[in-house]
Amino acid sequence: MKHYTSIQDIDSLPQWVADARALKANSKAYKSLGENKTICLLFFNNSLRTRLSTQKAAMNLGLEVMVMNFGSEGWALEYEDGTIMDQGTSEHIKEAAKVVSQFCDIVAIRAFASLTDKEKDEAEVVLNGFKKYTTIPVVNMESSVGHPLQALADAITIGEQNTKERPKIVLSWAPHPKALPHAVANSFTEMMLKQNADFIITHPEGYELDTKITKGATIEHDQKKALENADFVYVKNWSSYKDYGKVINQDKNWMMTKDKLGNAKFMHCLPVRRNVVVEDAVLDSDQSIVIEQANNRTYAAQIVLKKILEKL
Ligand code: CP
């Protein structure tokens, strides 16, 4: 594997999950693998978990780490070919990506969807621009379309917590005051479709995700019905895909409550808005495994970086 930009880059999910769990048990076992090598983390958007867990994973492997908040500190990048750059952009991705390749051995990038231009978002111009013009491996720390490090951490967490041969796993939409991207829901869906699980997505009408991603998943618009006898409930807001980037419904009845959760484990990628997306009683209960999900972000990133380093 050269790049890790989507969960389709995982060649054997059970093996990766097992390897990540082994790293968790002995996180410094490969401390010399990254010796004399550098990873550069470029953030076009804010982060807490991704920034710290990827940095921690890199340090566990002995890598030097450089972090740049590109969105606020870097030059505004141009992605179009042949553009006359006499407007707002100062540097072309062709030079920027090649320059980054001079300073490090791996580059990791976070660049969210704009939610204003579906075509551009789906083209993943930032991630694919770097992938096209760098000479080094690229890791996706959440792009317009996917968050494969989060989905891998989620698979590790479910692997640790699951007691059944075929658990019932529900992805439930929740209300949110702001328009949020589809990346987490997309990658979680792709990941769950690879699991031996009874997987159901529930959301109000109008919040259908991209059917290229949900193909094969069960969709149930009745949240109560979807949640019946669930073992894991992953709650997430996303904006409309059809009416791209719009908030078309903020129905408070979709908030996750202790009553609705039943005996299931509660999952969320974080950050989460308390008493909007999920009530305090859920987050503060033993059924919430959100902190363990966040903890597993380190081992998801570490297995990805280990596999890349082994091929360098
Ligand atoms: N879940 C997640 O990616 O968190 P951050 O946005 O804080 O990195």
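Reference entry: report on the structure contained in this document. (Residues numbered from 1 in each chain as written. Predicted model: local features only at pLDDT ≥ 70, side-chain atom pairs only at ≥ 80, totals over all residues. Heavy atoms only, no water.)

Some words on the layout of surface pockets
Operational definition: The definitions used throughout rest on a 1 Å grid laid over the protein atoms alone, on which a cavity is an enclosed set of points accommodating a 1.4 Å probe that cannot get out and a pocket is an open set flanked by protein within 12 Å on both sides along at least five of seven lines; lining residues are those having an atom within 4 Å of a point. Grid points are joined across faces, edges and corners, and a volume is the space filled by probe spheres set on the points. Secondary structure elements follow DSSP: runs of H or I no shorter than four residues count as helices, runs of E no shorter than two count as strands, and numbering proceeds from the N terminus. The classification used treats Ala, Val, Leu, Ile, Met, Phe, Trp, Tyr, Cys and Pro as nonpolar, Asp, Glu, Lys and Arg as charged, and all other residues, Gly among them, as polar.
Taken as a whole, the largest pocket spans an internal volume of roughly 570 Å³. Lining the largest pocket are 27 residues, with Phe 112, Leu 180, Lys 236, Leu 270 and Pro 271 positioned closest to its centre. Mapped by element, the contributors of at least two residues to the lining of the largest pocket are α2 (49-60) and α8 (183-192). Considering only residue class, the lining of the largest pocket consists of 12 nonpolar, eight polar and seven charged. Looking at the second largest pocket, its volume works out to about 460 Å³. Along its surface, the second largest pocket is lined by 25 residues, and Leu 77, Tyr 79, Lys 120, Val 125 and Val 126 are the ones closest to its centre. If you list the elements that add at least two residues to the lining of the second largest pocket, you get α3 (70-73), β3 (77-78), α5 (118-123) and α6 (125-133). Of the residues assigned to the lining of the second largest pocket, the class counts are 12 nonpolar, seven polar and six charged.

So, the pairing of strand β5 (residues 106-110)
Applicable threshold: Throughout, exposure labels follow a simple rule: accessible area from a 1.4 Å probe, protein chains only, divided by the maximum for the residue type, with under 20% read as buried, over 50% as exposed, and the rest as partly exposed. At least two DSSP bridges between two strands are needed for those strands to be called paired.
Burial within β5 is extensive, with five of its five residues counted as buried. Bridge analysis of strand β1 (residues 38-43) against β5 gives five bridges, and the strand direction is parallel. Opposite Leu 42, over in β5, you have Ile 109 as the bridge partner. By the bridge criterion, three bridges tie β5 to strand β6 (residues 138-140) in an arrangement that is parallel. Paired with Val 107 across the two strands is Val 138, which belongs to β6.

Spatial relationships are all this shows, so hold off on functional conclusions.
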